[in-house]
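Survey of secondary and tertiary structure
Each chain, written out:
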Amino acid sequence: MPITSSSLDGMKVAILVSDGFEQVEMTEPRKALDHAGARTLIVSPVDGRVRGWNHHDPADSFEVDVPLQTAKPEDFDALLLPGGVVNPDTLRIDEKAVAFVRAFVEAGKPIAAICHGPWTLIDADGVKGRKMTSWPSLQADLKNAGANWSDKEVVVDQGLVTSRKPDDLPAFNREMTKAFEIAHEASIH
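For the structure given in this document, a descriptive report is provided here. (Residues numbered from 1 in each chain as written. Predicted model: local features only at pLDDT ≥ 70, side-chain atom pairs only at ≥ 80, totals over all residues. Heavy atoms only, no water.)

A short note on the packing of helix α1 (residues 24-35) against helix α6 (residues 169-188)
Running from N to C, α1 and α6 cross one another at 45°; their axes reach a closest spacing of 10 Å. The angle between α1 and α6 places the two elements in the oblique class. In this structure, α1 crosses over α6, and the sense of that crossing is right-handed. Taken together, the residues of α6 that come into contact with α1 (itself represented by Val24, Glu25, Glu28, Pro29, Ala32 and Leu33) are Leu169, Phe172, Asn173, Met176, Thr177 and Phe180. Here the residues of the contact of α1 with α6 are counted per class, giving 8 nonpolar, 2 polar and 2 charged. (Axes fitted to C-alpha atoms, helices over the stretch in contact; angles between N-to-C directions. Helix = DSSP H or I, 4+ residues; strand = E, 2+ residues; numbered from the N terminus. Parallel < 35°, antiparallel > 145°, perpendicular 65-115°, else oblique. Left-handed = near helix turned anticlockwise from the far one by under 90°. Contact = heavy atoms within 4.5 Å. Nonpolar A, V, L, I, M, F, W, Y, C, P; charged D, E, K, R; others polar.)

Overview of the pairing of strand β12 (residues 160-163)
Judged by which residues are buried, β12 turns out to be covered on both faces: Leu160 and Thr162 on one side and Val161 and Ser163 on the other are all buried. Pairing geometry for strand β8 (residues 111-114) and β12, over 4 bridges, is parallel. Considered in β12, the bridge of Ala112 is made with Val161. Where strand β11 (residues 154-157) hands over to β12, the hairpin turn is made up of 2 residues, of which Gln158 adopts a positive phi near 50°. (Buried < 20%, exposed > 50% of the residue type's maximum accessible area, 1.4 Å probe, protein only. Pairing = 2+ DSSP bridges.)

Section: the sheet that holds strand β4 (residues 49-54)
Strand order in the open sheet formed by 3 strands is β2-β4-β5, and the pairing between neighbours is mixed. The open sheet has two free edges, formed respectively by β2 (21-22) and β5 (57-63), since each of these has just one partner strand. Pairing analysis gives 2 bridges linking β2 to β4, with the strands arranged parallel. If you follow Phe21 over to β4, its bridge partner there is Gly52.

Brief notes about the pattern of salt bridges
Going through the model one piece at a time under the given rule, you end up with 10 salt bridges. In this structure, Asp157 and Arg130 form a salt bridge, with 3.3 Å as the shortest nitrogen-oxygen distance. Taken together, the residues span a long stretch of sequence, with Asp157 in strand β11 and Arg130 in the loop between α4 (118-123) and β9 (131-132) at a distance of 27 residues. Note that Arg164 is salt-bridged to Asp151, the shortest N-O span being 3.1 Å. Residue Arg164 is found in the loop between β12 and α6, and its partner Asp151 is found in the loop between β10 (148-149) and β11; the two are separated by 13 residues along the sequence. According to the relative accessible area criterion, Asp151 is exposed, its value standing at 51%. Where salt bridges share partners, they join Asp151, Arg164 and Asp168 into one cluster. (Salt bridge = Lys/Arg side-chain N within 4 Å of Asp/Glu carboxyl O.)

As for the side chain of Arg130
Polar side-chain contacts of Arg130 include one of 3.2 Å to the backbone oxygen of Gln158. Beyond its immediate stretch of four places on either side in the chain, Arg130 contacts Gly146, Ala147, Asn148, Asp157, Gln158 and Leu160. (Polar contact = N/O pair within 3.5 Å; in protein donor to acceptor, adjacent residues only side chain to side chain.)

Quick look at the pairing of β8
The two faces of β8 match: Ile111 and Ala113 on one face and Ala112 and Ile114 on the other face are all buried. Relative to β8, strand β7 (residues 78-81) runs parallel, the two being bridged by 3 bridges. Directly across from Leu79, in β8, lies its bridge partner Ile111.

Observations concerning the packing of aromatic side chains
Within the structure shown, the criterion is met by 3 aromatic pairs. Ring centres 6.0 Å apart and planes at 50° place the aromatic pair Phe21 and Phe62 in the tilted group. With a gap of 41 residues between them, Phe21 in strand β2 and Phe62 in strand β5 connect regions that are remote in the sequence. One exposure class covers both Phe21 and Phe62, and it is buried. Taken together, the ring pairs connect Phe76, Phe100 and Phe104 into an aromatic cluster. Directly above the ring of Phe76 sits Lys12, whose terminal nitrogen or CZ lies 5.1 Å from the centroid. Here the guanidinium or amino end of Lys109 rests over the ring plane of Phe104, the centre of that ring lying 5.3 Å away. (Phe/Tyr/Trp six-rings, centres within 6.5 Å; stacked < 30°, edge-to-face > 60°. Lys NZ or Arg CZ within 6 Å of the ring centre and 35° of its normal.)

Let's talk about the sheet that holds strand β3 (residues 39-44)
Remark on secondary structure: sheet strands pair via backbone hydrogen bonds, oriented parallel or antiparallel. Strand order in the open sheet made by the 7 strands is β6-β3-β1-β7-β8-β12-β11, with mixed pairing throughout. Each edge of the open sheet carries a strand with a single partner, namely β6 (66-67) and β11. In this structure, strand β1 (residues 12-16) lies alongside β7, joined through 3 bridges in parallel fashion. What sits directly across from Ala14, in β7, is Leu79. Docked against the sheet, α1 engages β1, β3, β7 and β8, running at close to 150° with respect to β3.

Here it is, written out as structure tokens:
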């Protein structure tokens, strides 16, 4: 069944980022979700605006829609975790960010994580026994945390969608939208 422009109507998606996220790994999935009808909101421990990166160079800044301090996981239906090295490394040592992610894991809500994004899932106890992929340098960390890691452009495991890098965005966006749609349809029926 093709994804229509309204397949995610009413779904609220949290995009958890700190400064240093890989910009295209936030903007492209966000466009795909918005196009499918979801309402995407940037959640961040950073006040006001958060800055993306284009590989190793600072890029654009984006308005934070919901400060992490006041964000409630129960207000969201799904979670997007963009990569970039600095972003997840900052989030995984932020107790509030880890607790926010853990709430999605424990509730069984769909989560999409790309590149270095799965790093935060390790600290949120969200990878043990899960089929996943990531940026290659996270392979040992994910395996050591109990994940079944493989080198594929996209891996889907019961609502958890992971990809390796920006080149994988077309497959990531397609599978993320499908997984979020399945969860959304189940929640309204």
